Amino acid sequence: MTAHNKYTVPTIVWPTKLSTLGTLKARIGRQVLSGCAHEKAYSDEYWECYVRHMATTAYHAAGTCRMGPPSDPLAVVDHRLRLRGVSGVRVVDTSIMPLVVSANTNAATIMIAEKAADHVKQDWGVPGS
């Protein structure tokens, strides 16, 4: 088990050992995930593989168009939310976050949109911007 998953696997495995599962006659499905068939079924290594294959984001995808300085090779958006190498395009959503917030992304998205509006107004010379 890799170091960064030392808490993930026990968190996944713990519910499988609860006595209430037996009381409720609940059990873990016996079908082994095909992508993890190379691991011993239900071992820590199996559960780590399972999490890697099955974990997904449902609604708050973010961080796919990282914002950062020109020296950051992973950053494709500059500090004014402009897409590098493409004229006239700004990225105005949570995809610019180099590190995603640990809460709901709604408030952060609103802040990003407000900042983008300020940048556009400044670029177009709108008074009071």
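Bear in mind the structure is a predicted one, so any value in this text is a computation, not a measurement. (Residues numbered from 1 in each chain as written. Predicted model: local features only at pLDDT ≥ 70, side-chain atom pairs only at ≥ 80, totals over all residues. Heavy atoms only, no water.)

Next up on the list: unusual backbone geometry. A positive phi angle, close to 70 degrees, is found at Tyr42, a residue other than glycine. Residue class for Tyr42 comes out partly exposed when judged on its relative accessible area of 27%. Not every positive phi belongs to a glycine, and Leu81 is a case in point at roughly 70 degrees. Mapped onto the elements, Leu81 comes out in the loop between helix H3 (44-54) and helix H4 (106-123). (Buried < 20%, exposed > 50% of the residue type's maximum accessible area, 1.4 Å probe, protein only. Helix = DSSP H or I, 4+ residues; strand = E, 2+ residues; numbered from the N terminus.)

Moving on: the environment of Lys115. With respect to the helices and strands, Lys115 occurs in helix H4. With a relative accessible area of 43%, Lys115 lands in the partly exposed category. Along the primary structure Lys115 and Arg80 are separated by 35 residues, whereas in three dimensions their C-alpha atoms are 8.4 Å apart.

The end-to-end C-alpha distance of H4 is 26 Å, a good match for the 26 Å that 18 residues give at a rise of 1.5 Å each. Considered for burial, the residues of H4 that qualify are Ala108, Ile112, Ala116 and His119. With its buried residues spanning 75 degrees around the axis, H4 presents them on a single face. Residues Ala107, Met111 and Glu114 are exposed on H4 and point more than 90 degrees away from its buried face. Directly after H4, the chain includes Gly125, whose backbone phi takes a positive value near 70 degrees. (Expected span 1.5 Å × (residues − 1). Arc of directions from axis to C-beta.)

Let us now look at the state of the cysteines. A full pass over the atoms with the stated rule returns one disulfide. What pairs with Cys36 in a disulfide is Cys49, and their sulfur atoms sit 2.2 Å apart. Residues Cys36 and Cys49 share a disulfide whose torsion about the S-S bond is about -90 degrees; that sign makes it left-handed. Here the residue Cys36 occupies a position in the loop between helix H2 (19-23) and H3, and Cys49 occupies one in helix H3, the gap between them amounting to 13 residues. The pair Cys36 / Cys49 is uniform in exposure class, with both members buried. (Disulfide = S-S within 2.5 Å.)

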